[in-house]
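These are the residues of each chain, in order.
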Amino acid sequence: MRVIMLIDMDYFFAACEELRRPELKNKPVVVGADPKKGKGRGVVSTCNYVARKYGIHSGMPISMAYRLKPDAVFLPVDEDYYEQMSNKVMEIVKGFADRFEQASIDEAFIDVSQRAKDYSEALELAKRIKQEIAEKTGLPCSIGIGPNKLIAKMACEAAKPNGIKLVKEEEAKEFIQNMPIEKLYGVGKKTAEKLKQAGFATVKDVANSSPMKLMDMFGSYGAEIYKYANAIDDSEVEESYEVKSIGRETTFEKDTEDTEKMEKAIEKMAQEIEAEIKSQGLAFSTVTLKLRFANFDEHLKSTSINYAASSSEEIAKLAKQLLHEYYHGDELVRKVGVRVSGLKKFKGQKRLSEFIG
Ligand code: TTP
Ligand code: MG
Ligand code: MG
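In this text the structure is predicted, and so the values were computed from the model without any measurement.

1. Description of the packing of aromatic side chains
Argument step 1. One pass over the full model with this rule turns up ten aromatic pairs.
Argument step 2. Summarising the aromatic geometry, the rings of Phe-13 and Tyr-82 are spaced 4.2 Å apart at their centres and angled 15° between planes, so their arrangement reads as stacked. Of the two residues, Phe-13 is situated in helix H1 (residues 12–20) and Tyr-82 in helix H4 (residues 79–94); the sequence distance between them amounts to 69 residues. The burial state of Phe-13 is the same as that of Tyr-82; both residues are buried.
Argument step 3. When the centroid spacing of 5.8 Å and the interplanar angle of 50° are considered together, the rings of Tyr-81 and Tyr-82 count as tilted. Each member of the pair Tyr-81 and Tyr-82 is classed as buried.
Argument step 4. Taken together, the ring pairs in this structure connect Phe-12, Phe-13, Tyr-81, Tyr-82 and Phe-296 into an aromatic cluster.

In structure tokens form, the structure reads like this:
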């Protein structure tokens, strides 16, 4: 039996702000763009639960948040500080994991199948994790426990705020199938809209459809949606090894869904990476693409080749393949990263092209 948990921090950016300014604790706190007395552009990154009572939420135009609660405390995004707090939390969580995978600045999946023999041990473990995070960082979190990542993630949503929710394998289908489609993990806004237009209203409708029909609509991604709707998710909690690697990241000035822009950024980073690996006399066999969405969710996808390469064309080609395989245009992208690993020394042997070039 697999036991997977998703630990997600509560109102993370705003909780970090409350931590360093305790006087904010019972006030509505909104972190995001400058509201400029209602004329500001940009969006709310997040807000504390006091502010949520006024209808304010992540992604909402900051001008609207201002209209809803002009005397809320509006604060700018201090990404470096949140990264620091995130690192502290992640170190603690790692200590409780058989396998660990960070999925966003404020959340991580862990596989605890080895150390939790049954669900009641898993619950005890979750309580200890929550307590240790609270004691060592002062930050609240919620934890979802389930038989796979999909259920753990959705259980965590249901546990919020400041809670723990366990969904056993035998309860999983019922748990997700009465939810509206946009709540299904792995399904973003655009995909949800297409599904609704095709007459699907709940997750159950999708589950009772056929994988063929969904594949007609979405290609191989459709098969995945079908599995998710049936509470099936075989994906592993992927350890991100601290392997020696070389990479670059690009944060867009404005969050984007323009894949051409992303490709341009990939090409530029690929050239920089090529220059760096060549200067060190290295070649790679694995390329990893990182996408950080506007909502700070992070996705790492890797692909390997069975030879050693070093050209920017090869890096860009593989990274673009990953982009098209995994990006469905559902979310705005904030940051793209490319990383090569599986590095080996070129043993004095130069390739023909390098003699000619
Ligand atoms: P979330 O975990 O989605 O949200 P949250 O931690 O603020 O609140 P919750 O208690 O519901 O988990 O996102 C983590 C951080 O990522 C969030 O604090 C701010 C940032 N973020 C954005 O900047 N924009 C967004 O649209 C979202 C959803 C999050
Ligand atoms: Mg959170
Ligand atoms: Mg999160």
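2. Quick notes on H1
One full turn of an α-helix is made of 3.6 residues, so residues set three or four places apart face in the same direction.
Argument step 1. For H1, the buried fraction is high: seven of the nine residues fall into the buried class.
Argument step 2. Within H1, burial applies to Phe-12, Phe-13, Ala-14, Ala-15, Cys-16, Glu-17 and Glu-18.
Argument step 3. Residues of H1 that are buried in the fold lie against strand E1 (4–9), strand E2 (29–32), strand E3 (44–47), strand E4 (73–75) and H4.

3. What about the sheet that holds E4?
Argument step 1. Here we have three strands laid out as an open sheet, ordered E3-E2-E4, and mixed in their pairing. Looking at which strands have only one partner, the edges of the open sheet turn out to be E3 and E4. On average, each strand axis in the sheet is inclined to that of its neighbour by 25°, with strand direction left out of account.
Argument step 2. Judged from the three bridges that link them, E2 and E3 form a sheet pairing that is antiparallel. Bridge pairing in E3 places Val-31 opposite Thr-46.

4. Some words on the domain arrangement of the protein
Argument step 1. On domain assignment, one finds that the protein holds domain 1 (4–8 + 97–172), domain 2 (14–75), domain 3 (178–229) and domain 4 (245–345).
Argument step 2. Distance between the C-alpha centres of domain 1 and domain 4: 30 Å.

5. So, the environment of Phe-13
Argument step 1. With relative accessibility at 5%, the residue Phe-13 sits in the buried group.
Argument step 2. Those residues in contact with Phe-13 that sit more than four places away from it in its chain are Val-31, Ser-45, Thr-46, Val-77, Tyr-82, Ile-105 and Phe-296.

6. Points about the site of ligand 1
Argument step 1. Taken together, 16 residues form the shell around ligand 1, and within it Tyr-11, Thr-46, Tyr-49, Arg-52 and Asp-106 come nearest.
Argument step 2. In the environment of ligand 1, an oxygen atom lies 2.8 Å from a nitrogen or oxygen atom belonging to the side chain of Tyr-49.
Argument step 3. One of the backbone nitrogen or oxygen atoms of Ala-294 is found 3.3 Å away from a nitrogen atom of ligand 1.
Argument step 4. For ligand 1, whose unbound accessible area comes to 550 Å², protein coverage reaches 83%.

7. A look at the coordination of the magnesium ion (ligand 2)
Argument step 1. Distances from the magnesium ion (ligand 2) to its protein donors, Asp-8 (OD), Met-9 (O) and Asp-106 (OD), fall at 2.0 to 2.2 Å.
Argument step 2. For the magnesium ion (ligand 2), the six donor atoms in the first shell make angles of 78 to 174° at the metal, so the coordination geometry reads as octahedral.
Argument step 3. One chain supplies every donor to the magnesium ion (ligand 2), and in sequence these donors are spaced D-M-x96-D.
Argument step 4. Here the magnesium ion (ligand 2) and the magnesium ion (ligand 3) are spaced 3.5 Å apart, with Asp-8 acting as a shared donor. A residue pair is termed long-range when its members are at least 10 positions apart, and Met-9 in strand E1 and Asp-106 in the loop between strand E5 (99–104) and strand E6 (107–111) qualify at 97 residues.
Argument step 5. For Met-9, a relative accessible area of 2% corresponds to the buried category.
Argument step 6. Residue class for Asp-106 comes out buried when judged on its relative accessible area of 11%.

8. Description of the packing of helix H12 (residues 259–279) against helix H13 (residues 312–326)
Argument step 1. For the pair H12 and H13, the least separation of the axes is 8 Å and the interaxial angle reads 145°. When you trace H12 past H13, the crossing you get is right-handed. On H13, the residues that touch Thr-259, Met-262, Glu-263, Ile-266, Glu-267, Ala-270, Gln-271, Ile-273, Glu-274 and Ile-277 of H12 are Ser-312, Glu-313, Ile-315, Ala-316, Ala-319, Lys-320, Leu-323 and His-324.

9. A word on the side chain of Ser-104
Argument step 1. Inspection of the secondary structure assignment puts Ser-104 in strand E5.
Argument step 2. Residue class for Ser-104 comes out buried when judged on its relative accessible area of 1%.
Argument step 3. A polar contact of 3.0 Å, which involves the side chain of Ser-104, links it to the backbone oxygen of Phe-296.
Argument step 4. Non-local contacts of Ser-104, meaning those with residues more than four positions away in its chain, are made with Met-90, Phe-296, Asp-297 and Glu-298.

10. Some points on the side chain of Glu-298
Argument step 1. Note that Glu-298 resides in strand E11 (residues 298–309).
Argument step 2. A relative accessible area of 13% places Glu-298 in the buried class.
Argument step 3. Within the local environment of Glu-298, its side chain forms a polar contact with the side chain of Arg-292, the two groups lying 2.6 Å apart.
Argument step 4. Those residues in contact with Glu-298 that lie beyond four places of it in its chain are Ala-103, Ser-104, Lys-290, Leu-291 and Arg-292.

11. Digging into the coordination of the magnesium ion (ligand 3)
Argument step 1. Here the magnesium ion (ligand 3) is held by Asp-8 (OD), Asp-106 (OD) and Glu-107 (OE), and the distances to it run 2.1 to 2.2 Å.
Argument step 2. Read in sequence order, the donor residues coordinating the magnesium ion (ligand 3) give the pattern D-x97-D-E.

Conventions and cut-offs
Residues numbered from 1 in each chain as written. Chains lettered and ligands numbered in written order. Predicted model: local features only at pLDDT ≥ 70, side-chain atom pairs only at ≥ 80, totals over all residues. Heavy atoms only, no water. Phe/Tyr/Trp six-rings, centres within 6.5 Å; stacked < 30°, edge-to-face > 60°. Helix = DSSP H or I, 4+ residues; strand = E, 2+ residues; numbered from the N terminus. Buried < 20%, exposed > 50% of the residue type's maximum accessible area, 1.4 Å probe, protein only. Contact = heavy atoms within 4.5 Å. Pairing = 2+ DSSP bridges. Axes fitted to C-alpha atoms, helices over the stretch in contact; angles between N-to-C directions. Domains from an automatic or database assignment. Near = heavy atom within 4 Å. Polar contact = N/O pair within 3.5 Å; in protein donor to acceptor, adjacent residues only side chain to side chain. Areas by Shrake-Rupley, 256 points an atom, 1.4 Å probe, with all protein chains shown as cover. Donors = N, O, S within 2.8 Å, 3.2 Å for Na, K, Ca; no water. Tetrahedral: all angles 85-135°; square planar, octahedral: opposite > 155°, others 65-115°. Left-handed = near helix turned anticlockwise from the far one by under 90°.

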